[in-house]
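If you want the building blocks of each chain, they are given just below.
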Amino acid sequence: MRDTTPHPVHLTDYQPPAFLIDQVELSFQLDPQATRVRSRIRFRPNPACHSGHDLRLDGEGLRLITLALNGQPCDAQPDATGLTIPAQELPEGAFDLEAEVEIAPEGNTALEGLYMSRGMYCTQCEAEGFRKITFYPDRPDVMAPFKVRITSDLPVMLSNGNLIAEGPGWAEWHDPHPKPSYLFALVAGDLVATKAQFRTMEGRDVALNIWVRPGDEGKTDYAMDALKRSMSWDEQVYGRAYDLDIFNIVAVDDFNMGAMENKGLNIFNSAYVLASPETATDGNYASIERIIAHEYFHNWTGNRITCRDWFQLSLKEGLTVFRDQQFMGDMRSRAVKRIEDVLTLRARQFREDAGPLAHPVRPESYVEINNFYTATVYEKGAELIRMLQLLVGEDRYRAALDLYFARHDGQACTIEDWIAVFEEAAGRELSQFKRWYAQAGTPRVDVTEAWQEGSYTLTLRQHTPPTPGQPLKEPLVIPVAMGLIGPDGQEMLETNVLELDSPEQSFTFDGLAAKPVASLMRGFSAPVILNHPLSHEDRALLLAHDTDPVNRFEAGRALARDILLAMIRDGAKPGPVYLDALRQMLRDDTLDPAFRALALGLPSQDDLASAQFDAGETPDPDAIYRARQEALQIIAEALAPDLAMVFAEMQTPGPYSADARDAGRRALRVQAVGLLARVDGGEKAREMFASANNMTEQLGAWSALLATGNGQAETAQFYRQWSGDRLVLDKWFAAQISHAAPEQAAARAKSLTEHPDFEWKNPNRFRAVIGALGMNPAGFHASDGASYRLVADWLIRLDGANPQAAARVSTLFETWRRYDTARQTLIRTELERIMAHPGLSRDMGEMVGRMLE
């Protein structure tokens, strides 16, 4: 286990590498317990640095066999984190360093570096996994071409780049494009491929392969189709073509993240490759499409241009998330996709910004970089790109990107490089906008209005609450896309963009015939919390008539939130204004069924807890749960005939299609059956479960039964049917916990940890049980603390095997300070117990330490 004593790395301490690398040659002789790795690395002094530097190489868990400098033995000895060759022992100018080390992939349960997954060798080197393979300057600003030779008795051996030679028991690969070590990849196993071809806009024929275990090859067609569409889209929208002869994807069962963009050899969590109508939901298909695209898009935004250091992580991740969001909007519904992205941002990033784990998009320091692969870096980082595009316009955005690719291809860059191309292409100064990268927290925008004789004045005030280490905040540039809707539902002012760049600004609109209702933050134009007091009638007007679909959804969601908060505080009930607006929306056939499905949902328990906390109240998880349950019952009773009609109308006869049209119809049908189960005893849900020919409807029907305290027979049937499919079995575990009644959630989760199929070292399965308990807020926050104790027990256990995965799940505790004193005391006890555990990893120590500060 690595040293857990905090040794922060600071952005201000960055120094360029003293040595650069011209060529890397690696040779692997694979063995589960004793893999031999031989390296030959051509170093040269960095002309940007003064001479006289030691050569420092990173290395962890390596048994050094031999070390030679320009062919002569070198007696440098490793320490706990690497190896140093003193400056006086280094030759003048360029030199070759050769090393042979031994590693044990089979015992690598952390799933970093070279490890084994059910008999398959695979790697994960981002962020700092390559140092577990051989001694190397394991930092993103050291880039070099790689040549790799693999020796094994396994039939398939893959690495980055192009295959240049192979024979019985060996294969050689060459990647001509300089890359940092975090993009290195190797896979070897008994695999079969789905194969295809793609011709680039430059006329290059590319061989496409998706490698899976035998028996899974029938579940790869959608992933291959998504890959081809991603490649075409990137050419058409960004002018970026693929640059190698081969593009390989490999599906791996044991993987800490979703996927990894290694140059020419993307390694994927199998959950984001494998799909069939019977085993994957529409949501699974959409995730496969998005993540395939995301990793492919990294070829240019991440690989060809990478980040100088890990503080610049959002340079590649925020930009690539924005690109995959654009792609998904083009492939499906832009409005629905944007609403889904906003919901994800609020659920994950706003929550992060509001607690002890808040940090800027570009952090100032870290102890363990794996802990900063966060919603702030990814999703909020994408919102910053979206705001830039809105502020400069689409044409100048494209010009800035063209300049970025032309100027920085083959380089490791910074946020400053990124901002500079926008300033040049758009001809505007962006130093104030750059504060978004340095300032943590979610800004609040408060709205006041004045109306007098045809003149409407809108006053906006911005402020950002203090966050850890940043008590004072400066004003940001906030693009406010807005329009005006008249009392008759007609648009009085089409969308235009206001720029809020001061603590307070007013904007006046003259010559209006009637007092309008302002539609603000159209398209969710900035990642802020908008405080815009409106009556229920005004929100219902926007829900019915706003021309911006995102704000139409937002109006309905805000109306529902106001009603639920009134139910929690005062015992109020949903009134006719809300129910009639909901009915009108549900029965509006001009609206996309996917939009109607989203609009029919209620704010989550976590949304409501956050809203209460923001209002200075202490959330009561039990009261929130009861209010939502009561609201769902009232909606189901009031809309039962309409729901039954929609349930029947949204059937999708014929062969299954994962396209947006059919997926939207199924989404609305599943929402309808979830509400109907509250009034018909689960009759329609049981019918749907029995007749479903796809996982979306089977899982949706079963979930509807579980949510109403039924479904015991269906639970047993689902297991019998799918016990042999590891990915479907994850759904079986997760659904039982996430839909459990609060008082039963901890006990249900505990019983499932004792199930023989609970493979706790598999990250997907661990998240399906322990992660799912956190997704049942009232159950997780049960007043007896049973869930807190269970989660802490399992975090301690997993931390000993896989620190990265355990640290990520620990974020279930990040909002603990917003609850009552009794719950805070229970959670603090568990956090302190975790912190005191002997041998706690650096990953977990940093996360729990920040939560306890």
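Please refer to the structure placed before this passage.
As a starting point, this report considers the structure included with it. No experiment lies behind these values; they were computed from the predicted model shown.

**Considerations on the packing of aromatic side chains**
Line of reasoning, step 1. Tallied over the entire structure, the rule returns 41 aromatic pairs.
Line of reasoning, step 2. Between Phe-19 and Phe-95, the aromatic rings sit 5.8 Å apart at their centres with planes inclined by 75 degrees, giving edge-to-face as the arrangement. Pair noted here: Phe-19 is in strand β2 (residues 19–29) and Phe-95 is in strand β8 (residues 95–103), with a separation of 76 residues, a long-range link. Taken individually, Phe-19 and Phe-95 each receive the classification buried, so the pair is uniform in this respect.

**Overview of the packing of helix α5 (residues 375–392) against helix α6 (residues 394–408)**
Line of reasoning, step 1. Here α5 crosses α6 at 120 degrees, and the two axes come no closer than 6 Å. Relative to α6, the element α5 is oriented oblique. α6 is crossed by α5, and the crossing has right-handed handedness. Between α5 and α6, the contacting residues are Ile-385, Gln-389 and Val-392 on the first element and Glu-394, Arg-396 and Tyr-397 on the second.
Line of reasoning, step 2. Looking at side-chain class alone, the contact of α5 with α6 contains 3 nonpolar, 1 polar and 2 charged residues.

**Let's talk about the sheet that holds strand β27 (residues 491–500)**
Line of reasoning, step 1. Pairing is antiparallel across the open sheet formed by 3 strands, whose spatial order is β27-β26-β29. Two strands lie at the open edges of the sheet, namely β27 and β29 (517–520), each paired on one side alone. Mean inter-strand twist for the sheet, computed between neighbouring axes without regard to direction, equals 25 degrees.
Line of reasoning, step 2. Two strands pair when backbone bridges link them, and strand β26 (residues 478–485) and β29 are joined in this way by 4 bridges, in the antiparallel orientation. Bridging across to β29, Ile-485 finds its partner in Val-517.
Line of reasoning, step 3. Strands in contact with helix α9 (residues 536–545) are β26 and β29; relative to β29, the strand with the most contacts, it is inclined by about 60 degrees.

**What about the pattern of salt bridges?**
Line of reasoning, step 1. Taken as a whole and assessed by the stated rule, the structure comprises 74 salt bridges.
Line of reasoning, step 2. The residue Glu-112 makes a salt bridge to Lys-132 at a minimum N-O spacing of 3.4 Å. With Glu-112 in the loop between β8 and β9 (113–117) and Lys-132 in the loop between β10 (120–124) and β11 (144–151), the pair connects residues that are 20 residues apart, well separated along the chain.
Line of reasoning, step 3. Residue class for Glu-112 comes out buried when judged on its relative accessible area of 5%.
Line of reasoning, step 4. Residue Asp-730 is joined to Arg-765 by a salt bridge in which the shortest nitrogen-to-oxygen separation is 2.5 Å. Within this pair, whereas Asp-730 is found in helix α19 (residues 726–738), its partner Arg-765 is found in helix α21 (residues 763–774), the two being separated by 35 residues in sequence. The exposure classification of Asp-730 matches that of Arg-765, with both residues buried.
Line of reasoning, step 5. Sharing partners across several salt bridges, the network here consists of Arg-118, Arg-213, Asp-216, Asp-253, Asp-254, Arg-726 and Glu-759.

Parameters at a glance
- Residues numbered from 1 in each chain as written.
- Predicted model: local features only at pLDDT ≥ 70, side-chain atom pairs only at ≥ 80, totals over all residues.
- Heavy atoms only, no water.
- Phe/Tyr/Trp six-rings, centres within 6.5 Å; stacked < 30°, edge-to-face > 60°.
- Helix = DSSP H or I, 4+ residues; strand = E, 2+ residues; numbered from the N terminus.
- Buried < 20%, exposed > 50% of the residue type's maximum accessible area, 1.4 Å probe, protein only.
- Axes fitted to C-alpha atoms, helices over the stretch in contact; angles between N-to-C directions.
- Parallel < 35°, antiparallel > 145°, perpendicular 65-115°, else oblique.
- Left-handed = near helix turned anticlockwise from the far one by under 90°.
- Contact = heavy atoms within 4.5 Å.
- Nonpolar A, V, L, I, M, F, W, Y, C, P; charged D, E, K, R; others polar.
- Pairing = 2+ DSSP bridges.
- Salt bridge = Lys/Arg side-chain N within 4 Å of Asp/Glu carboxyl O.

Nothing here speaks to function; it is geometry throughout.
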